[in-house]
Amino acid sequence: MRKNDTTVVKITDIGVNGEGIGKVDGYALFIKDAVIGDTVEAKVIKAKKNYGYARLIKIVHPSLDRVEPRCAFARKCGGCQIQEMSYERQLAFKEKKVRGNLERIGGFSPELLDQVTEPIIGMDVPFEYRNKAQFPFGTDKEGNPVTGFYVGRTHDIIVNTDCVLGVPVNKEILEIILDFMKENQIPSYDEKNEKGLVRHVLIRYGFTTKEIMVCLVVNGKKIPHADRLIDKLAGIQGMTSITMSVNTKRTNVIMGDSFEVLWGQGYITDYIGSIKYRISPLSFYQVNPVQTRKLYSLALEYADLKGGETVWDLYCGIGTISLFLAQKSGKVYGVETVPQAVDDARENAKINGIGNAEFFVGKAEEVLPEFYERGAGAKSGIEEAAERCGDGAAGEACMAARADVIVVDPPRKGCDETLLETIVKMAPEKVVYVSCDPATLARDLKILCDRGYELERVRAVDMFPMTVHVETCVLLQRRTM
Ligand code: SAH
């Protein structure tokens with residue numbers, strides 16, 4: 001195969017990014033938007049020695065798993081990758097992705113994985129599930145402000161205020177903002193010359209409380225005539241928080257370092273299960289609340305708390321998992337690098353009347369070893385630890401040096417090796433690993449399983465239907481010597 005060759009090929013497999021894979025005389029072609037079972041005509045755009053990339057020209061025979069996408073921009077937009085695949089097939093793909101990584105990178109045997117893997121948890125309705133959306137703003141050829149989504153891997157904007165993954169109120173809000181910008185000659189930010197004002201708009205929606213937050217990210221200290229905009233936005237039912245975040249840097253980071261309240265309060269509230277969460281524009285909060293409840297209930301089930309346990313929740317964000325666990329355990333310690341998130345976590349504990357959760361700002365791989373070193377020696381049982389450590393603050397710190405359960409929920413890059421080493425030293429009975437990247441999950445599990453842990457349960461949860469992302473919850477049990 002050479003560049004610009006056209007070929008007809010049957011799609012027999014799927015790549016990690018959701019692309020279809022077909023083979024022509026043993027030569028693999030990766031074809032975006034092709035679904036397993038399709039026969040497609042494709043044109044080679046890049047040819048390597050053993051494989052190449054091709055563009056889908058025409059579907060000759062559609063797969064039985066192919067569905068009509070709900071969004072007209074499904075192929076172009078960088079948000080969704082597999083909207084043209086039936087939801088059933090999407091779930092099967094994600095299960096396979098997790099399993100493939102655990103076999104290849106984790107080195108776990110197919111027999112063991114057959115035993116420990118539970119079926120993926122999907123959604124009943126896999127649309128309109130996102131409680132958060134960040135819309136980039138730009139300018140069209142006529143000079144009008146526009147918003148929508150980035151074309152995959154670029155900063156070109158697809159004009160669309162009506163994403164099928166988001167909540168319907170997004171459209172109403174965006175149109176108010178666009179009208180306001182037009183009427184008051186307020187320009188969108190232009191990345192090239194670093195001029196213009198409105199960079200992004202962040203919208204958050206509380207699924208249970210129906211509270212709405214709008215945060216305008218701007219390249220300047222002030223929004224002219226902001227009161228006119230606020231008047232309109234505040235009229236939307238559920239509007240709770242209108243804020244502005246200043247970001248004047250040349251950067252891909254969306255939000256500025258801080259925000260100021262323009263109207264209402266600086267946060268919205270939402271519930272996951274019976275726990276109330278306070279969410280500010282800068283805090284991390286899971287974007288799919290329906291599936292988050294299922295994922296955290298699973299983490300709680302895996303932790304199998306009886307009450308009285310000491311639990312560490314590393315990478316705790318605003319304390320979401322910590323507070324879930326605190327209901328059933330003796331004490332929970334959370335660690336998170338973002339100070340605002342830790343403020344939120346503490347506030348969340350307070351508003352829920354949870355007194356047995358404590359949070360620390362810092363890197364998990366630094367905070368946990370510090371606690372461990374400080375209290376080393378007190379490893380066997382809470383009573384014994386308390387006795388050895390004495391009462392008061394020192395006693396507390398010493399108690400924290402041990403753990404019955406450690407939960408980790410790291411970002412995509414996974415856990416730092418220093419952290420894994422400390423976990424092994426602390427030797428908790430159980431480790432619950434919540435992961436958003438099966439490859440780093442597999443890498444980290446291999447380390448833990450080489451050093452005293454047993455893979456007990458694995459279950460994927462689909463937090464992001466229509467995309468290739470998958471969340472996984474894993475239970476590791478300390479091997480009895
Ligand atoms: N468990 C939380 C957040 C998970 S996302 C929830 O479910 O809501 C991962 C979190 O890890 C983010 O909040 C990020 O700020 C934080 N983080 C990233 N690197 C970290 C590190 N080295 N130590 C501690 N937290 C970290």
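If you're wondering where the values come from, they're calculated on a predicted model, not measured in any experiment.

Conventions and cut-offs
Residues numbered from 1 in each chain as written. Predicted model: local features only at pLDDT ≥ 70, side-chain atom pairs only at ≥ 80, totals over all residues. Heavy atoms only, no water. Buried < 20%, exposed > 50% of the residue type's maximum accessible area, 1.4 Å probe, protein only. Helix = DSSP H or I, 4+ residues; strand = E, 2+ residues; numbered from the N terminus. Pairing = 2+ DSSP bridges. Right-handed = clockwise from strand over helix to strand, strands pointing away. Axes fitted to C-alpha atoms, helices over the stretch in contact; angles between N-to-C directions. Contact = heavy atoms within 4.5 Å. Near = heavy atom within 4 Å. Polar contact = N/O pair within 3.5 Å; in protein donor to acceptor, adjacent residues only side chain to side chain. Areas by Shrake-Rupley, 256 points an atom, 1.4 Å probe, with all protein chains shown as cover. Expected span 1.5 Å × (residues − 1).

Asker: I'd like to hear about the pairing of strand β17 (residues 331-336), residue by residue, with values.
Answerer: A large share of β17 lies buried, amounting to six of its six residues. Where burial is concerned, the two faces of β17 agree: the one with Lys 331, Tyr 333 and Val 335 and the one with Val 332, Gly 334 and Glu 336 are both buried. Bridge analysis of strand β16 (residues 310-314) against β17 gives five bridges, and the strand direction is parallel. By the bridge assignment, Asp 313 is partnered in β17 with Gly 334. Remark: the β16/helix α6 (residues 320-326)/β17 crossover connection has right-handed handedness. In terms of strand pairing, β17 meets strand β18 (residues 357-361) through five bridges, oriented parallel. When the bridges of β18 are listed, Glu 336 appears paired with Val 361. In this fold, the crossover linking β17 to β18 by way of helix α7 (residues 339-351) has right-handed handedness.

Asker: Before we move on, could you go through the sheet that holds strand β10 (residues 198-205) and cite the residues and values that matter?
Answerer: In a beta sheet, neighbouring strands pair by backbone hydrogen bonds and run either parallel or antiparallel. Pairing in this open sheet of seven strands is mixed, and the strands run β9-β8-β7-β10-β11-β12-β13 from one edge to the other. Of all the strands in the sheet, just β9 (157-159) and β13 (260-264) have a single pairing partner and so form its edges. Averaged over all pairs of adjacent strands, the angle between their axes in this sheet comes to 30°, without regard to strand direction. Direction of pairing for strand β8 (residues 145-150) relative to β9: antiparallel, over a ladder of three bridges.

Asker: Would you mind going over the sheet that holds strand β21 (residues 453-461) in detail, with residue names and values included?
Answerer: One open sheet holds the eight strands; their spatial order is β6-β21-β22-β20-β19-β16-β17-β18, and the pairing between them is mixed. Only two strands of the sheet have a single neighbouring strand rather than two, namely β6 (117-121) and β18. Adjacent strand axes in the sheet meet at a mean angle of 15°, parallel and antiparallel pairs treated alike. Here α7 sits on the sheet in contact with β17 and β18, set at roughly 170° to β18. In this fold helix α8 (residues 364-375) packs onto β16, β17, β18 and β19 (405-408), with an angle of close to 155° to the strand it touches most, β16.

Asker: With reference to specific residues and values, describe the site of the ligand.
Answerer: Taken together, 17 residues are adjacent to the ligand, and Tyr 296, Thr 320, Glu 336, Ala 364 and Asp 409 come closest. Between the ligand and Ala 364, the relevant distance is 2.8 Å, taken from a nitrogen atom to a main-chain nitrogen or oxygen of the residue. In this structure, Glu 365 approaches the ligand through a side-chain N or O atom, which is 3.0 Å from a nitrogen atom. Relative to its free-state accessible area of 570 Å², the ligand is covered by the protein chains to the extent of 89%. Elements with a contribution of two residues or more to the shell around the ligand: α6 and α8.

Asker: Tell me about the side chain of Thr 269, and please be specific about residues and values.
Answerer: Here Thr 269 lies in strand β14 (residues 268-272). For Thr 269, a relative accessible area of 13% puts it in the buried group.

Asker: So, helix α5 (residues 289-303): which residues are in play, and what are the values?
Answerer: Residues spaced three or four apart along an α-helix face the same direction, because each turn holds 3.6 residues. If you check α5, its first and last C-alpha atoms are 21 Å apart, about what 15 residues at 1.5 Å a residue would give, namely 21 Å. The set of residues buried in α5 consists of Pro 289, Gln 291, Thr 292, Leu 295, Tyr 296, Leu 298, Ala 299, Leu 300, Tyr 302 and Ala 303. With its phi angle positive at about 50°, Asp 304 sits one or two positions after the end of α5.

Asker: Describe unusual backbone geometry, with residues and values.
Answerer: The residue Gln 185 is not glycine, and still its phi comes out positive at about 50°. Turning to its location among the elements, Gln 185 is positioned in the loop between α3 (169-183) and β10. We classify Gln 185 as exposed; its relative accessible area is 67%. Positive phi, normally seen in glycine, also occurs at Met 466, with a value near 80°. By the secondary structure assignment, Met 466 is in the loop between β21 and β22 (471-478). Met 466 gets classed as buried once you look at its relative accessible area, which sits at 3%.

Asker: Go over the environment of Pro 145 with me, naming the residues and quoting the values.
Answerer: Relative to the helices and strands, Pro 145 is located in strand β8. We classify Pro 145 as buried; its relative accessible area is 10%. Considered as a pair, Pro 145 and Ser 241 are 96 residues apart in the sequence and their alpha carbons are 23 Å apart. Excluding residues that lie within four positions of it along the chain, Pro 145 makes contacts with Gly 138, Leu 178, Met 181, Lys 182 and Ser 188.

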